[in-house]
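Structural features, examined
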Amino acid sequence: MQKEAVIREPLILGHKTYHDITEDVCRPIEDKAPKMWYILFGIALIIGLYGVGCILYLLGTGVGVWGLNKTIGWAWDITNFVWWVGIGHAGTLISAVLLLFRQKWRMAINRSAEAMTIFAVFMAGLFPLIHMGRLWVGYWVLPLPNQFGSLWVNFNSPLLWDVFAISTYLSVSVVFWYIGLIPDFATIRDRAKKPLSKKMYSILSFGWSGRAKNWNRFEMVSLVLAGLATPLVFSVHSIVSFDFATSIVPGWHTTIFPPYFVAGAVFSGFAMVQTLLLIMRKAMSLEAYIHTKHIEYMNIVIMVTGSIVGTAYITELFISWYSGVEYEAYAFLNRATGPYWWAYWSMMTCNVLSPQLMWFRKLRRSLLFTFFISIIVNIGMWFERYVIIVTSLHRDYLPSAWSMHYPSHIDIGVYIGTIGLFFVFFLLFARFFPVLALNEVKTILKGSGQSYKESPDYHKHH
Amino acid sequence: MTDKVIYVMYDDDQVLKDGAMKLVSKGIKISEVFSPFAIHGIDPIIGIKNTRLGIMAFLYGLTGLTLATVGMRFFMVTDWPINVGGKPNFTYLQNILAFIPVTFEFTVLCAAHGMAITYLLRNKTLPGMPAQNPDPRTTDDKFVIEIRLSENSMKEADLDLLLNETGYIELDKKNID
């Protein structure tokens, strides 16, 4: 058993036993869902279905129903795509990178953060697919033998790299998440009383029995998957940034993009985790496991990544002037002072100023303030992508082609719809899946549980 | 031949570990331990070798790396070289930079999925498989040692006396054919 310094705040509050942990996590699944769950699920479902309706209309009519024009050929679609992929970066970062760093506080949040990641990447993946207009030929992005004279996909294109990166990231995240879920499903299976839920959870738990050899393999798989997923997390958003960075559009053609996008992704992902967890811990009475210290740790990550993003914004601005390239300089001057100044300054306020408030211990330990900032950050990160994409395109080399982008109601409907669908998935997850890695949390009970840390025997050797 | 299986249940991982150490030092062979989470340090005590899954992951990764390299060389250089803006694809080496992202992704894809599938197969955990833990509480807060009489030369009565010293909470014996 690993001991830690007494002055470290315990990660599990109260006087919990192993059985209490099982009870606390399984009870919300076994009890009837509260009324609030049905209300939220209903709202999310209606919004999600509206989005599905908009997507069906779009597929039936064509991508012309979006507010795109000749100059601005990419706008909300790819903004939303990058926004969702970015949000989908926190889960695997928490479970993989923090596992390699042996951060034990990850155990309380990794399950729901990974679920959030998976659903966010689902939503992200939707945008390139519907942008094809002809969804049913989506498999053409794969290098399959075909009847067009062996015409292969272009492996030189960052858009194709994206296909590989996103699908690898999604499938590896699902596998990582599910392998961790199997022992916890077994716990629910062994407690289930109703025959239907017993049947369901025994299928989901794959017949897990918790043998010593199984656990030995489990730990190896978790470690190696974490080792594989860590570079994967960084590669995915780097590759997303290549979609822009390898082009020659002023404002996009920037070598700083990969690290800047990765930091931004972690920044927005952690903000989304905060938004969801602050509600979930309350609704499911998990305050003993996800408490102020966890929120504070995440706020520190938000502050650090927010500062990296801020530094990148300012570097970009400086380099555009220092480069001496007038087109480059104009792109950035236009961003800050042109017709889209409001988007630029919203981005600056939300992403650069607001996370700096986390330097104050009082603020970063305040749950209400954290909730507020987490929403602000995600608004800011949406504007970041909008600013990069739309302001760089709307004024190109030919002033006669200059234009503005106005979203159509389908643009808005599809975007809002994905938020609805995301919550539909997340609410289903919270209802039927163990939202905490309960068996992993048991391993830190003796090392980081409050009652154990406070007992006089804590520092004696066993 | 009939055999007798003894399930010794503990309510603490540390007590089980101490007990197992005591039993093993007396020459008892422990055939299995069931626990709700990984008990660190139990494997060497009961003689479980470390898994070789890590090596398998490496081999799967190498397979992915090879497939990606061979595949992209065939698609982009041999079968249909494209001349993009005067940057032709006539040799693999000249174009290797463009192929690195997909090579990396495909390596990770093969390593992760290959390892996960091997893990599930080796554990015999697949959809629809029956659970084999002796007591449903072993996925909650109880820890069980399984001892088979056929694997031990000690008499049952002596074994019982020895087990009494380990501080178990429940003892269950089953005859199996």
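Residues numbered from 1 in each chain as written. Chains lettered and ligands numbered in written order. Predicted model: local features only at pLDDT ≥ 70, side-chain atom pairs only at ≥ 80, totals over all residues.

Let us now look at the nonpolar core. Counting 178 residues, the largest nonpolar core has A:V85, A:V172, A:F267, A:V273, A:V441, B:A112 and B:M115 as its most contacted members. If you count residues domain by domain, this core takes at least three from each of domain 1 (3-49 + 141-176) and domain 2 (53-123) of chain B. Those residues in contact with A:V441 that sit more than four places away from it in its chain are A:I21, A:M107, A:A108, A:Y289 and A:L436. (Core = buried A, V, L, I, M, F, W, Y, C linked by C-beta atoms within 7 Å. Buried ≥ 20, exposed ≤ 12 C-beta atoms within 10 Å, placed from the backbone. Domains from an automatic or database assignment. Contact = placed C-beta atoms within 7 Å.)

Another point: the interface of chain A and chain B. Opposite the 54 residues of chain A that make contact, chain B presents 57 residues. Contributing elements (two or more residues each) for the side of chain A that touches chain B: helix 1 (18-30), helix 6 (158-191), helix 7 (195-204), helix 8 (212-245) and helix 16 (438-448) of chain A. Element by element, the count of residues in the side of chain A that touches chain B is highest for helix 8 of chain A, at 16 residues. Its residues assigned to classes, the side of chain A that touches chain B comprises 26 nonpolar, 19 polar and nine charged. (Helix = DSSP H or I, 4+ residues; strand = E, 2+ residues; numbered from the N terminus. Nonpolar A, V, L, I, M, F, W, Y, C, P; charged D, E, K, R; others polar.)

The next point concerns the packing of helix 12 (residues 341-356) of chain A against helix 14 (residues 367-394) of chain A. Residues and elements named next belong to chain A. In contact at an axis separation of 8 Å, helix 12 and helix 14 are set at 140° when each is read in the N-to-C sense. As the angle between them shows, helix 12 and helix 14 are arranged oblique. Classified by chirality, the crossing of helix 14 by helix 12 is left-handed. Here helix 12 contributes A343, Y344, S346, M347, C350, N351, S354 and P355 to the contact with helix 14, which in turn contributes I373, I376, V377, I379, G380, M381, F383, E384, Y386 and V387. When grouped by side-chain class, the residues that make up the contact of helix 12 with helix 14 number 13 nonpolar, four polar and one charged. (Axes fitted to C-alpha atoms, helices over the stretch in contact; angles between N-to-C directions. Parallel < 35°, antiparallel > 145°, perpendicular 65-115°, else oblique. Left-handed = near helix turned anticlockwise from the far one by under 90°.)

On average, chain B scores 86 in pLDDT, and the residues at 70 or more come to 99%. Between the elements of chain B, mean pLDDT differs from a low of 70, seen in strand 4 (residues 87-88) of chain B, to a high of 93, seen in helix 4 (residues 96-123) of chain B. (pLDDT = per-residue confidence, 0-100.)

With seven bridges joining them, strand 1 (residues 3-10) of chain B and strand 6 (residues 170-176) of chain B adopt antiparallel strand pairing. Bridged to B:Y7 within strand 6 of chain B is B:D172. (Pairing = 2+ DSSP bridges.)

All names here are of chain B. Here strand 1 pairs with strand 5 (residues 143-148) via six bridges, running antiparallel. In the strand pairing of strand 5, M9 is matched with V144. Relative to strand 5, strand 2 (residues 32-34) is paired through three bridges, and the arrangement is antiparallel. By the bridge assignment, F34 is partnered in strand 5 with V144.

With that settled, consider the environment of A:G449. Residues and elements named next belong to chain A. Within the secondary structure, G449 sits in the loop between helix 16 and helix 17 (450-454). A tally of 24 C-beta atoms within 10 Å means that G449 is categorised as buried. Measuring from C-alpha to C-alpha, the distance between G449 and I12 comes to 4.6 Å, with 437 residues separating the pair along the chain. G449 has contacts with P10, I12 and K16, leaving out every residue within four places of it along the chain.

Here the focus is the packing of helix 5 (residues 106-131) of chain A against helix 9 (residues 257-283) of chain A. Residue and element names in this part refer to chain A. Two elements in contact, helix 5 and helix 9, have axes whose closest approach is 10 Å; the angle formed by their N-to-C orientations is 125°. Here helix 9 runs oblique to helix 5, going by the angle between their axes. Of the two possible hands of crossing, helix 5 and helix 9 adopt the one that is right-handed. Across the interface between the two elements, I109, S112, A113 and M116 from helix 5 touch M272, V273, L276, L277 and M280 from helix 9.

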